[in-house]
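# Descriptive structure summary
Chain by chain, the residues:
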Amino acid sequence: MNKTLTTLAFAALASLTGVAQAQTVLTVSSWVPPTHGLTVAQKEWCDALTAKTANRVRCNILPRAATPAPGTFDAVKNGLIDVSFTVHGYTPGRFVLTQMAEFPFLGDRAEPLSVAFNRVASKHPEFAAEHQGVKVLGYFTHGPGIVFNTKKPIIKVEDLSGLKFRVGGGMVNEISKTLDMNVTLKPAPDSYELLSSGVMDGTLFPAESTDSFKIDKIIKHATTFPGGLYNTSFVFMMNPAKYNSLSAEDKKAVDELSGDAVASRFGKSWDRVDDLALANMQKNGVKIVKADNSFVSGVTVRVSKLERDWAQAAKAKGLKDPSGTLSDFRAEIAKLQKQK
């Protein structure tokens, strides 16, 4: 009898242990290389979630992207993958409000810019409404946008015309048009082939991307701008059904790692790799030109209309005071940059 009771007790304990060890597995995808700052930051987020949930939630990070970059939003929405990030501009016309984070001269570091973007966007439900079908874990940006090319120094607005550039879409596409640039909309991973084959003469990127997409030996010239010529907005997101399947405790863990925490994590990752890439450019002999006041003024005059156009489009999307929201965003960036 005692032996039977002992056996039953062990069986019950094993059953309880099995329940305690039951895991939720999140399918996670990245469309950039494993060593890219975005992939690294996403893995850091996964590791933090696993630790915070005592191993109840873990990530299965796919060895290759489940979908090309432009299909990522719908892949998360439709449950093909549970967690990933995307560039808003990769699906033209779909996102309007997030273009707020893509105007010229906003900031020189990705972390304060990302946190400011997330804070301001999170105050306005209209931003979330543009992301219907996914759970937004956080908004963020890359570092300041730079003009790279293989042909010549670019020291004034007029130098931008005549060369063929790859751009990633979103506001940068509109900025480049106002500057009379000849641009083609292509995802970042296509850059090596486009530049090495001579199909394109240049690309608009943050510093980091020259290393990540292995164009560091191809690029000959770079033009930097105070605060960046442009920026690119991203969203880190989760499938809502997967989030809703979590326990209240595990939802809380996801929430605590989301929002400003996501923006800071991804922003720091961009800044770290931007610094490394800038150092590598100098080693590789890339000729770096800093845009002077005349160049900056020339850009400002041409792109000023874009802010008015954006405000009008954002209002049509339901944002009550777009100009005020943009002013709040700039003020938040300035505040955060002072704290650094």
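As a reminder, the structure under discussion sits directly above these lines.
Our subject in this report is the structure included herewith.

## A short note on the overall build of the chain
In terms of regular secondary structure, the chain is built from 13 helices and 11 strands. Scaling as 2.2 N^0.38, a compact globule of 340 residues should have a C-alpha radius of gyration of about 20 Å, and the chain matches this with 22 Å. The C-alpha extent of the chain, read off along each of the three principal axes, is 95 × 45 × 35 Å. The buried share of the chain, reckoned over its 340 residues, is 51%. Partitioning the intrachain contacts of the chain with sequence separation of at least 6 by distance along the chain shows that 78% fall at a separation of at least 24. Of the accessible surface of the chain, which amounts to about 15,200 Å², a share of 55% is contributed by carbon and sulfur atoms. Computed over 41 positive and 33 negative side-chain charges, the separation of the two mean positions in the chain equals 3 Å.

## Structural notes on the pattern of salt bridges
Applying the stated criterion across every chain yields a total of 22 salt bridges. The residue Glu256 makes a salt bridge to Lys52 at a minimum N-O spacing of 3.0 Å. Here Glu256, found in helix H10 (residues 248-256), pairs with Lys52, found in helix H2 (residues 37-52); they are 204 residues apart in sequence, far enough to count as distant. Taking the relative accessible area as the measure of exposure, Glu256 reaches 40% and is therefore partly exposed. Overall, Lys52 belongs to the partly exposed group, its relative accessible area being 41%.

## A closer look at the packing of helix H4 (residues 110-123) against helix H13 (residues 322-339)
Where H4 contacts H13, the axes come no closer than 9 Å and their chain directions differ by 140°. Viewed along their axes, H4 and H13 adopt a mutual orientation that is oblique. H13 is crossed by H4, and the crossing has right-handed handedness. Where H4 abuts H13, its residues Pro112, Leu113, Val115, Ala116, Phe117, Arg119 and Val120 lie against Thr325, Asp328, Phe329, Glu332, Ile333, Lys335, Leu336 and Gln337. The residue inventory of the contact of H4 with H13, partitioned by class, reads 9 nonpolar, 2 polar and 4 charged.

## Some points on the sheet that holds strand E7 (residues 182-185)
Ordered in space as E7-E6-E8-E5-E9-E11, the 6 strands form an open sheet in which the pairing is mixed. Since the sheet does not close on itself, it has two edges, and those belong to E7 and strand E11 (287-290), each with one partner. Taken pair by pair, the neighbouring strands of this sheet meet at an average axis angle of 25°, ignoring direction. Where strand E9 (residues 221-224) and E11 come together, 4 bridges link them in parallel fashion. Directly across from His221, in E11, lies its bridge partner Lys287. Docked against the sheet, helix H6 (residues 171-178) engages strand E6 (164-167), E7 and strand E8 (202-205), running at close to 160° with respect to E6.

## Considerations on the nonpolar core
Among the nonpolar cores identified, the biggest contains 54 residues, and Leu204, Trp310 and Phe329 are the most heavily contacted of them. Of all the secondary structure elements, the ones that give two or more residues to this core are helix H3 (72-77), H4, E6, H6, strand E10 (233-238), helix H12 (293-316) and H13. At 8 residues, the largest contribution of residues to this core is made by H12. Listed in part, the 46 residues of the second largest apolar core include Leu38, Met200, Met238 and Ala253.

## Observations concerning the side chain of Asp250
When you line up the elements, Asp250 lands in helix H10. Classification of Asp250 as buried rests on a relative accessible area of 5%. If sequence neighbours within four positions are ignored, Asp250 has contacts with Thr53, Arg56 and Val57.

## Points about H10
Residues of H10 that are buried include every one of Asp250, Ala253 and Val254, and no others. Viewed end-on, H10 has its buried residues packed into an arc of 100°, placing them on one side of the element. For H10, the exposed residues lying more than 90 degrees away from the buried face are Ala248, Glu249 and Lys252. Elements in contact with the buried residues of H10: H2, strand E2 (57-61), strand E4 (135-141), E10 and helix H9 (240-244).

So, how was this worked out
In this numbering scheme, every chain counts its residues from 1 along its sequence in written order. Totals for whole chains, interfaces and linings use every residue, but because this is a predicted model, local features are given only for residues with pLDDT of at least 70 and side-chain atom pairs only at 80 or more, for both listing and counting. Side-chain calculation: all heavy atoms of the structure are included, whereas hydrogens and water are not. Under the DSSP-based scheme used, a helix requires at least four consecutive residues in state H or I and a strand at least two consecutive residues in state E, with every element numbered from the N terminus. Both definitions apply: the radius of gyration is a C-alpha atom measure, and the globule rule equals 2.2 Å times residues to the power 0.38. Under the scheme applied here, a residue whose accessible area is under 20% of the maximum for its type counts as buried, over 50% as exposed, and between as partly exposed, the area being computed with a 1.4 Å probe on protein chains only. Two residues qualify as a contact provided that any one of their heavy atoms is within 4.5 Å of a heavy atom in the partner residue. Surface accessibility follows the Shrake-Rupley procedure with a 1.4 Å probe radius. Residue values consider only the protein chains on display as shielding. Lys and Arg are tallied as positive, Asp and Glu as negative. Neither His nor the chain termini are counted. Throughout, a charge is located at the NZ atom of Lys, the CZ atom of Arg, the CG atom of Asp or the CD atom of Glu. Salt bridge, as applied in this entry: a Lys or Arg side-chain nitrogen positioned within 4 Å of an Asp or Glu carboxyl oxygen. Interaxial angles span 0 to 180 degrees and are taken between N-to-C directions of axes, which are lines fitted to C-alpha atoms, for helices over the stretch in contact. Working definition: roughly parallel below 35 degrees, roughly antiparallel above 145 degrees, roughly perpendicular at 65 to 115 degrees, and oblique for all remaining angles. By definition, turning the near helix anticlockwise from the far helix through less than a right angle yields a left-handed crossing, and turning it clockwise yields a right-handed one. For this scheme, ten residues count as nonpolar: Ala, Val, Leu, Ile, Met, Phe, Trp, Tyr, Cys and Pro. Four count as charged, namely Asp, Glu, Lys and Arg, and the remainder, Gly too, count as polar. By this definition, two strands are paired if DSSP reports at least two bridges between them. In this description, a nonpolar core means a group of buried Ala, Val, Leu, Ile, Met, Phe, Trp, Tyr and Cys residues linked to one another through side-chain atoms lying within 4.5 Å. The reported arc concerns the directions from the helix axis to the C-beta atoms and nothing else.

It is worth stressing that arrangement in space is one thing and function is another; only the former is reported here.
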